[in-house]
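Reading the structure
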Amino acid sequence: MEYISELKKKILSRDKSEPEFIQATSEVLDSLSLVLNDHPEYIKSGVVERLIEPERQIIFRVPWVDDAGIVRVNRGYRVEFNSAIGPYKGGLRFHSSVNLGIIKFLGFEQVFKNALTGLPMGGGKGGSDFDPHGKSDGEIMRFCQSFMSELYRHIGQFKDVPAGDIGVGAREIGFLFGQYKRLANEYSGVLTGKGLSYGGSLLRTEATGYGLLYFLKAMCDDHGFDLKDRIAIISGSGNVAIYAAYKAKELGLRVVAMSDSSGYIYDPQGLDIDLIKEIKEVKRERIKTYLDTYKDVQYHEGSKDIWKIKCDVALPCATQNEMDLEDAKELVLNGVKAVCEGANMPLSNEAANYLVRSRVLYGPAKAANAGGVAVSGLEMSQNSLRLSWDKDEVDLKLQSIMNNIYQNVSKTAQKYGDGDNLIIGANIAGFLKVAEAMRLQGVV
Ligand code: NDP
């Protein structure tokens, strides 16, 4: 479609230094060419042009003092991408690789993901190139306080509600919330992923990983593929990966390999997830130290080769572009049946399309990892109601949301493309919801 090609060219020339943003928008725009012929009103009202441009991009200095008394300066970001269906909502990432293009791609994807949850949340994302590895608790706290000293004026429970992402877990959310409360002089649900003692929701920590497995199960059940006794590999060993691994085990899968950014561990008998949680969440050590307890387990330096392990189910839960076309080919050669994305955009577009063409059951991130933000939405509801729901109630809501997302993207895929292509299903289902809200609100 000519209109879509022109928009792609525009992004290529205007955002040329942002490869991840180009990748994320290009995937969505390709899907939209299938739906826009039926909806000329969205072309007329410039919905797509407006969707690919963030409403607001905030970049700020984050000065802080390290334990040696030396002044450090990082760069902070908040990209408020789209507020057509609710306040901006999306995590904060602290990682040395963070730049504007990465935050923009994450914010763009978040718009569609949040729409798929069925909850009233717009899309945004933020973070910093601050690297939390090896920093003391005091340094983390001072950094978070400085970061929030600028961010607080841009956010609010009805404006923009950040959460965690890579490098931002319960500890960081606590420091960020404390500083927000102090500066704004207000106790509100301005952040999600909060501790249970100060307004957090039960199951938020587990939500992305659990939700991923609920989505996987819905997809596999629909295709008559039983997960019991299947072999799974999961990349990463952070928040998403750990709770995906727990739920995978509960559903009868055997998790044989997991990784961190240094390397991966492999045990054909199945891994001890409690120990991995202890190493990564509590001790904050390298995954390699797993071998201090299980001496016969294999450790391989470098995380990339994890996809060479034979498995039935692969769950990339670490970071963007961690699986390329060669990895996808290797997985297919080894008989993989299902791949579900826990991380955001962990597959290159070529790898994802190859899996779909190879008839692998493939759950794209926008749909499959929406459980985290869905429970964040439930945390916002509980904060507004001044109530907290018990774990079973949140879990039932999460299961129902993930099943609905699967049904919605699967039906949309059948309507607009090839029945099993959930990339198309997720992009179009998310788009239709946001596009209609944008059209009705006029050119803003
Ligand atoms: P964490 O910081 O908790 O964990 C990230 C994990 O990935 C760490 O184990 C890290 O290792 C590992 N890792 C990073 N880069 C690589 C790599 N190249 N190869 C292998 N492992 C790597 O982050 P989250 O678990 O929260 O986030 C993971 C992904 O899930 C991200 O893409 C995020 O955007 C996405 N996501 C997260 C949600 C959430 O609720 N937290 C919600 C939806 C999506 P190391 O310890 O060495 O740094």
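Within any chain, residue numbers begin from 1 and follow the written order of that chain's sequence. A pLDDT threshold of at least 70 governs which residues receive local features in this predicted model, and a stricter bar of 80 or more applies before side-chain atom pairs are shown or counted, although totals over entire chains, interfaces and linings include all residues. Only hydrogens and water are set aside; all other atoms, that is, all heavy atoms of the structure, feed into the side-chain values.

**Describing the site of the ligand**
Lining the immediate surroundings of the ligand are 25 residues, of which Asp 165, Thr 208, Ser 261, Arg 286 and Ser 303 lie closest. Contacts described as polar in this section are N or O atom pairs within 3.5 Å, which, within protein, must combine one atom able to donate a hydrogen with one able to accept it, while residues neighboring in sequence count only if both atoms come from side chains. Separating an oxygen atom of the ligand from a side-chain N or O atom of Arg 204 is a distance of 3.1 Å. To measure how exposed things are, a 1.4 Å probe is used in the Shrake-Rupley method; for residues, cover is taken only from the protein chains shown. Starting from 900 Å² of accessible surface for the ligand in isolation, the protein chains cover 86%. Starting at the N terminus, helices and strands are each numbered in turn, a helix being any DSSP run of H or I of at least four residues and a strand any DSSP run of E of at least two. Those elements giving two or more residues to the shell around the ligand turn out to be helix H8 (204-222) and helix H9 (239-250). Within the shell around the ligand, the residues separate by chemical class into five nonpolar, 14 polar and six charged. Start and end points for every domain follow an automatic or database-based domain assignment. Split by domain, the residues of the shell around the ligand number at least three in each of domain 1 (44-186) and domain 2 (207-363). For this description, a residue counts as near a given molecule or strand if any of its non-hydrogen atoms is within 4 Å of it. Any residue that is not Ala, Val, Leu, Ile, Met, Phe, Trp, Tyr, Cys, Pro, Asp, Glu, Lys or Arg is counted as polar, Gly included; the first ten are nonpolar and the last four charged.

**Re the sheet that holds strand S1 (residues 56-65)**
At least two bridges found by DSSP between two strands is the condition for calling them paired. Taken in spatial order, the five strands line up as S1-S2-S4-S3-S5 in an open sheet, and their pairing is mixed. Each edge of the open sheet carries a strand with a single partner, namely S1 and strand S5 (160-163). Averaged over all neighbouring strand pairs, the angle between strand axes comes to 20 degrees, with direction disregarded. The pairing of strand S3 (residues 88-94) with S5 spans four bridges and is classified as parallel. Along S5, the bridge assignment pairs Tyr 88 with Asp 160. Note on geometry: axes are C-alpha line fits, over the in-contact stretch for helices, and angles between N-to-C directions span 0 to 180 degrees.

**Details of the state of the cysteines**
Cysteine sulfur atoms that pair up within 2.5 Å are treated as a disulfide. Throughout the structure, instances matching the rule amount to zero disulfides. This cysteine, Cys 311, is not joined by any disulfide, and Cys 220 carries the nearest cysteine sulfur, 12 Å off. Classification of residues uses two cut-offs on accessible area relative to the type maximum, computed with a 1.4 Å probe and protein chains only: under 20% is buried, over 50% is exposed, and between them is partly exposed. Using a relative accessible area of 3% as the deciding quantity, one classes Cys 311 as buried. Not engaged in a disulfide, the cysteine Cys 340 finds its nearest cysteine sulfur in Cys 220; these two sulfurs lie 7.2 Å apart.

**Some thoughts on the pattern of salt bridges**
Salt bridge, as used here, is a side-chain nitrogen of Lys or Arg placed within 4 Å of a carboxyl oxygen of Asp or Glu. Across all of its chains, the model carries 29 salt bridges by this definition. Across the pair Asp 260 and Lys 280 runs a salt bridge whose closest N-O atoms are separated by 3.0 Å. Placement of the pair is Asp 260 in the loop between strand S7 (254-259) and strand S8 (263-266) and Lys 280 in helix H10 (residues 273-282), with a sequence separation of 20 residues. Here Asp 260 and Lys 280 have matching classes, each one buried. Several salt bridges converge on common partners, so that one network encompasses Asp 15, Glu 18 and Lys 104.

**Side note on the domain arrangement of the chain**
Split into domains, the chain comes out as domain 1 (44-186) and domain 2 (207-363). Centre-to-centre separation of domain 1 and domain 2, based on C-alpha positions: 27 Å. Taken together, the contact pairs eleven residues of domain 1 with seven residues of domain 2. The term buried area means the drop in 1.4 Å probe accessible area that two parts suffer when joined, counted for both and summed. In total, domain 1 and domain 2 occlude about 680 Å² of area from one another, counting both sides; carbon and sulfur atoms represent 41% of this. Taken together, the links from domain 1 to domain 2 amount to zero salt bridges. Along the contact surface separating domain 1 from domain 2 lie two residue pairs in polar contact (both at pLDDT 80 or more). When residues of the side of domain 1 that touches domain 2 are assigned to their parent elements, the largest contribution, five residues, is made by helix H5 (residues 100-116). Taken together, the residues of the side of domain 1 that touches domain 2 sort by class into four nonpolar, one polar and six charged. We call two residues in contact whenever any of their non-hydrogen atoms come within 4.5 Å of each other.

**As for a nonpolar patch on the surface**
Candidates for patches are residues over 30% relative accessible area with no salt bridge; among them, like charges are joined within 9 Å and nonpolar side chains (Val, Leu, Ile, Met, Phe, Trp, Tyr) within 5 Å. A grouping of Val 65, Val 71 and Val 73 is seen on the molecular surface, where their side chains present a nonpolar patch of about 260 Å² in accessible area. Relative to the helices and strands, Val 65 resides in strand S1. Val 65 sits in the partly exposed class, given a relative accessible area of 36%.

**Details of the pairing of S3**
Judged by how many residues are buried, S3 sits mostly within the fold: seven of seven residues are covered. Strand direction decides the pairing type here: S3 and strand S4 (residues 123-128), joined by three bridges, are parallel. Across the sheet, residue Arg 93 finds its bridge partner in S4, namely Gly 127. Consider the strands pointing away from the viewer: the crossover is right-handed when the path from the first strand over the helix to the second runs clockwise. One crossover worth recording links S3 to the parallel S4 by way of H5, and it is right-handed.

**Observations regarding the sheet that holds strand S9 (residues 298-301)**
Read across the open sheet, the seven strands follow the order S9-S8-S7-S6-S10-S11-S12; overall the sheet is mixed. Sheet topology places S9 and strand S12 (361-363) at the edges, where each strand pairs with a single neighbour. Taken over all neighbouring pairs, the strand axes of this sheet differ in orientation by 15 degrees on average, direction set aside. Taken together, the three bridges between strand S6 (residues 231-235) and S7 define a ladder with parallel strand orientation. Bridged to Ala 232 within S7 is Val 255. Running over the sheet, H8 touches strand S10 (313-316), strand S11 (338-340) and S12 and is turned about 145 degrees from S11.

**Here's the deal with the packing of helix H2 (residues 19-32) against H5**
Remark: H2 packs on H5, axes separated minimally by 7 Å, with the N-to-C direction vectors making an angle of 25 degrees. With respect to their mutual orientation, H2 and H5 come out roughly parallel. For the pair H2 and H5, contact is made by Glu 20, Phe 21, Ala 24, Thr 25 and Val 28 and by Gly 101, Ile 102, Lys 104, Phe 105, Phe 108, Glu 109 and Phe 112, respectively. Its residues assigned to classes, the contact of H2 with H5 comprises seven nonpolar, two polar and three charged. In these notes the angle categories are as follows: under 35 degrees is roughly parallel, over 145 is roughly antiparallel, 65 to 115 is roughly perpendicular, and the rest is oblique.

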